[in-house]
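A look at the structure
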Amino acid sequence: MTATSALAQDQQDQENRDGWPESFTVGTASQGGTYFAYGSGWANLVAEELGLTGGGEVTGGPMQNMALVHNGEAQFGMTTMGPAAESLQGTNPIAPGLQMTNACAMFPMYQTPFSVTALSSSGIASIADIPDGARIGFGPAGSTSDTYFPRMMDELGVNYERRNGGWSDLGGQLQDGLLDVIAFAAGVPVPAVSQLEVQTDVNIIEFTEEEQAQILEAFPVSEFEIAADTYTTLEEPARSVSMWNFAIANCELPASFVKAAVDVVMSDNERMVNIHRAAQSTLPENWDRNNVLMWHPGAAEWFMENADADIPEDMIYSSM
């Protein structure tokens, strides 16, 4: 390359970067969780590849990330589809009444499955078997599980007594007969369930086709199948649902910047899986798991060009 053509290339690169921020942050969640490890990982990757300063930021998780990205306090963030839908509707508890329409979909991350477990000795082998007033453990207070699983049980007509706690603690309570059912929203296999299997006989309870359809209609979730090899108890896959996690971007960020960041993350899955195993689902073909958020124009362009994504124009953000 001649000096003249190198200079022209540099000018072209600079023009392509018009309006790009010099640094960026990715809203994640608390340290020690999947969000923090995954989010900090891709933030560092994008910063390194694009020659910018950037990194993950500890936050309160999906709800707060929607607020931070909407307000532009964080350029990027991560959210689950439930909190995203609530934020758009103006029911995010961080800013009630504010419709957070300035946070756009960036790329699919991974899914959080919902699963139900009971002791075999209880005789509970289906959702319909759960007795009136059953004591159900829904996980830590304020978690995705605690936020959405009780609503799902309400939708399915289950009458229950709500209990909260850490997963291992709830597993112990189930084994001791202090709980009737545990309703998990967590990556599978859930360690607490695997531990229970070693110590006693359990039922991994799947949704019927009708129950699954009812939940899919009422909540921002996707079909999911818990693979038979996930637990020793399962002899065949178990029908379930999952809530997708998506990376989000402030809708006003330059399209070229967001497209370049998406390209770094989505073009080399092996590199992402090395950051966190959950990234096995961070694949271009999962673009269609977003049916809640408007797409950032730069992200939409990348998926249309590289994943044959058929994104309707009315689902792509426009500042016009």
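Residues numbered from 1 in each chain as written. Predicted model: local features only at pLDDT ≥ 70, side-chain atom pairs only at ≥ 80, totals over all residues. Heavy atoms only, no water.

Some details on the state of the cysteines
The full count for this structure, using the stated rule, is 1 disulfide. Paired through a disulfide, Cys-104 and Cys-251 show a sulfur-sulfur distance of 2.1 Å. Handedness here is read from the sign of the S-S torsion; for Cys-104 and Cys-251, about 110 degrees, the answer is right-handed. Of the two residues, Cys-104 is situated in strand 4 (residues 103–119) and Cys-251 in the loop between strand 10 (238–250) and helix 9 (255–266); the sequence distance between them amounts to 147 residues. (Disulfide = S-S within 2.5 Å. Helix = DSSP H or I, 4+ residues; strand = E, 2+ residues; numbered from the N terminus.)

A look at the side chain of Asn-102
Structurally, Asn-102 can be placed in the loop between helix 4 (81–89) and strand 4. Ignoring sequence-local partners within four residues, the contact set of Asn-102 consists of Val-69, His-70, Ala-249, Asn-250, Cys-251, Glu-252 and Tyr-317. (Contact = heavy atoms within 4.5 Å.)

Quick look at the packing of aromatic side chains
Inspection of every chain in the model, using the stated rule, returns 12 aromatic pairs. Taken together, a centroid distance of 5.9 Å and an interplanar angle of 80 degrees make the contact between Phe-246 and Trp-295 edge-to-face. Linking Phe-246 in strand 10 with Trp-295 in the loop between helix 10 (269–275) and helix 11 (297–306), this pair joins segments that are 49 residues apart in sequence. For the pair Phe-246 and Trp-295, one class covers both residues: buried. Feature note: the residues Trp-20, Phe-24, Trp-42, Phe-76, Phe-107 and Phe-257 constitute an aromatic cluster, connected by ring pairs. (Phe/Tyr/Trp six-rings, centres within 6.5 Å; stacked < 30°, edge-to-face > 60°. Buried < 20%, exposed > 50% of the residue type's maximum accessible area, 1.4 Å probe, protein only.)

Here's the deal with the packing of helix 6 (residues 167–175) against helix 7 (residues 191–199)
Interhelical geometry of helix 6 versus helix 7 gives an angle of 30 degrees and a closest axis separation of 9 Å. Taken together, helix 6 and helix 7 sit at an angle that is classed as roughly parallel. Crossing of helix 6 over helix 7 shows right-handed handedness. Between helix 6, through Trp-167, Ser-168, Gly-171, Leu-174 and Gln-175, and helix 7, the contact on the second element is made entirely by Ala-192, Leu-196 and Gln-199. Residues belonging to the contact of helix 6 with helix 7 are distributed by class as follows: 4 nonpolar, 4 polar and no charged. (Axes fitted to C-alpha atoms, helices over the stretch in contact; angles between N-to-C directions. Parallel < 35°, antiparallel > 145°, perpendicular 65-115°, else oblique. Left-handed = near helix turned anticlockwise from the far one by under 90°. Nonpolar A, V, L, I, M, F, W, Y, C, P; charged D, E, K, R; others polar.)

Overview of helix 4
Of all 9 residues that make up helix 4, 7 are buried, and the element is covered over most of its length. Residues of helix 4 that are buried include every one of Met-81, Gly-82, Pro-83, Ala-84, Ala-85, Glu-86 and Ser-87, and no others. Looking at the packing, one finds that the buried side of helix 4 touches helix 3 (62–71), strand 3 (76–80), helix 5 (144–155) and strand 10. Gly-90 lies just past helix 4 and shows a positive phi near 85 degrees.

Re the nonpolar core
The biggest cluster of nonpolar side chains holds 86 residues, and the ones touching the most others in it are Trp-42, Phe-76, Met-153 and Phe-303. If one sorts the elements of this core by residue count, strand 4 sits on top with 9 residues. Leu-174, Ile-182, Phe-224 and Tyr-231 belong to the second largest nonpolar core, which has 19 residues in total. (Core = buried A, V, L, I, M, F, W, Y, C linked by side-chain atoms within 4.5 Å.)

Overview of the pattern of salt bridges
Applying the stated criterion to the full structure yields 11 salt bridges. Here Arg-162 ties to Asp-146 by a salt bridge, and the two come within 3.0 Å at their closest N and O atoms. With Arg-162 in strand 6 (residues 160–163) and Asp-146 in helix 5, the pair connects residues that are 16 residues apart, well separated along the chain. Residue Arg-163 pairs with Glu-161 through a salt bridge whose shortest N-O separation is 2.5 Å. Judged by its relative accessible area of 27%, Arg-163 is partly exposed. Salt bridges sharing partners connect three or more residues here, namely Glu-49, Asp-268 and Arg-271. (Salt bridge = Lys/Arg side-chain N within 4 Å of Asp/Glu carboxyl O.)

Brief notes about the environment of Leu-178
Inspection of the secondary structure puts Leu-178 in the loop between helix 6 and strand 7 (181–185). Residue classification places Leu-178 among the partly exposed residues on the basis of a relative accessible area of 45%. The sequence separation of Leu-178 and Pro-254 amounts to 76 residues, and the corresponding C-alpha distance is 54 Å. With sequence-adjacent residues up to four places away left out, Leu-178 is seen in contact with Arg-135, Arg-163 and Gln-173.

Remarks on the pairing of strand 8 (residues 202–205)
Judged by which residues are buried, strand 8 turns out to be covered on both faces: Val-202 and Ile-204 on one side and Asn-203 and Ile-205 on the other are all buried. Alignment of strand 4 against strand 8, held across 4 bridges, turns out to be antiparallel. Residue pairing across strands places Leu-119 opposite Val-202, the latter belonging to strand 8. (Pairing = 2+ DSSP bridges.)

Section: the pairing of strand 3
For strand 3, a buried count of 5 out of 5 residues is recorded, marking the element as mostly surrounded by other parts of the structure. Burial of strand 3 is two-sided: the residues Phe-76, Met-78 and Thr-80 facing one way and the residues Gly-77 and Thr-79 facing the other way are all buried. With 2 bridges connecting them, strand 1 (residues 23–27) and strand 3 associate as parallel partners. Paired with Val-26 across the two strands is Phe-76, which belongs to strand 3. Across 5 bridges, strand 3 lies against strand 10 in antiparallel orientation. Bridged to Gly-77 within strand 10 is Ile-248.

Functional significance is not addressed by these values, which are geometric in nature.
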